[in-house]
Amino acid sequence: MRKLHVLMKKEELDGQRLDGKVVIVLDILFATTTIVAALSEGASEVWPALDGDAARALAQQQGDHPHLLAGELYAETLSGFAPATPLAVLARLPAQGRLIYATTNGTVALTRSQGAAQVYAAALLNAQAVVDHVARHHPDDTILVVCSGSADRFNLEDFYGAGYLVSLFRQAGVRDLTDAARAAEWMHAATDARACFNAARVGQRMLDKGLPEELDYAARKSVCSVVPQLVGGVLRPVTTAC
């Protein structure tokens, strides 16, 4: 790999040349965690949408195919949608169904990344599987780890997740890191996931909503082997085993 970059928030994608690069999108609380969970537990596909209206339009295209419409805007569940958190989605997802999914940040970041050569969704849950896949299949490509952030703001938990990915890429032999990538790696080494989530603004909001179990779920590291890839606007698992 030529270089490993970390972007602090999705808005930084606007100034990037994406052609020829591999983009890994993170939205730890909770979009990419939910995507990984859904595909790990039997969803056939995830269709990310920019907003609620776009998700409703996608849902109308499903016909008789089983699907779940889930989404949020500024952490509030959209009217007529299932909650956007991983355990809530898993409790409602039909077997082999599609997840039609709209979030404030993560699905927007994925959509904005589509100009890249390859786009993957990562979380703490599947970090090792993503790193293994990228190291094996894209050994000479520049890697761009994108923290989704929150409405043009930095999010602590995404930066922590980026640091975990950086640490795994370093173990895989990557040495050419930007300063942001080094900072993320150091931050990850200084704390654990649950402590990070407890301190983060989004994590505190989830605790206020009485959802500690969703944070516990998202804090698990490299327990899923699924690698979601975005192709033609749809996320599908490229592999279910390392």
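Above this text sits the structure in question.
Everything in this summary refers to the structure shown in the same document. Bear in mind that the values here come from a model prediction, so they are computed numbers and not experimental data.

Reading the values: the criteria
Every chain's residues receive numbers from 1 upward, in the order its sequence appears when written. Residue-level local features of this predicted model are given only where pLDDT is at least 70; pairs of side-chain atoms are given and counted only at 80 or more, and the full residue set underlies all totals for whole chains, interfaces and linings. To get the side-chain values, take all heavy atoms of the structure and skip hydrogens and water. Grouping buried Ala, Val, Leu, Ile, Met, Phe, Trp, Tyr and Cys residues that are joined through side-chain atoms within 4.5 Å yields what is termed a nonpolar core. Exposure is judged per residue with a 1.4 Å probe applied to protein chains only, and the accessible area is read against the type maximum: over 50% gives exposed, under 20% gives buried, and values in between give partly exposed. To qualify as a helix, a DSSP run of H or I must reach at least 4 residues; to qualify as a strand, a run of E must reach at least 2; elements of each kind are numbered from the N terminus. Contacts were defined at the residue level, with two residues in contact if any of their heavy atoms lie within 4.5 Å. Here, a disulfide means two cysteine sulfur atoms that sit within 2.5 Å of each other.

**Quick word on the nonpolar core**
Inside soluble globular proteins, nonpolar side chains tend to come together where they are buried. Grouped together as the largest cluster of nonpolar side chains are 77 residues, with contacts concentrated most on Val-6, Leu-99 and Phe-197. Per element, the largest residue contribution to this core is 8 residues, and it comes from helix α6 (residues 156-171). Beyond its immediate chain neighbours, meaning those up to four positions away, Leu-99 contacts Thr-34, Ala-38, Glu-45, Val-46, Trp-47, Leu-68, Ala-70, Val-89 and Leu-93. In this structure, Leu-58, Ala-59, Leu-78 and Ile-100 belong to the second largest nonpolar core, which totals 11 residues.

**Description of unusual backbone geometry**
Here the bond from Leu-29 into Phe-30 is cis, since omega is 5°, no more than 30 degrees from zero. By secondary structure assignment, the location of Phe-30 is in the loop between β2 (22-26) and α1 (31-40). In the Ramachandran plot, Ala-75 falls in the positive-phi region, its phi being about 70° despite a non-glycine side chain. Along the chain, Ala-75 falls in the loop between β4 (67-73) and β5 (76-77). Relative accessible area serves as the criterion here: at 27%, Ala-75 is assigned to the partly exposed category.

**Section: the state of the cysteines**
On inspection of all chains with the given rule, the structure shows 0 disulfides. In this structure Cys-196 is not part of a disulfide, and its nearest cysteine sulfur, from Cys-147, lies 11 Å away. Given the relative accessible area of 3%, Cys-196 is considered buried.

**A closer look at the side chain of Ser-167**
The topology assignment puts Ser-167 in helix α6. Residue class for Ser-167 comes out buried when judged on its relative accessible area of 12%. When neighbours within four sequence positions are excluded, Ser-167 is seen to be in contact with Glu-185 and His-188.

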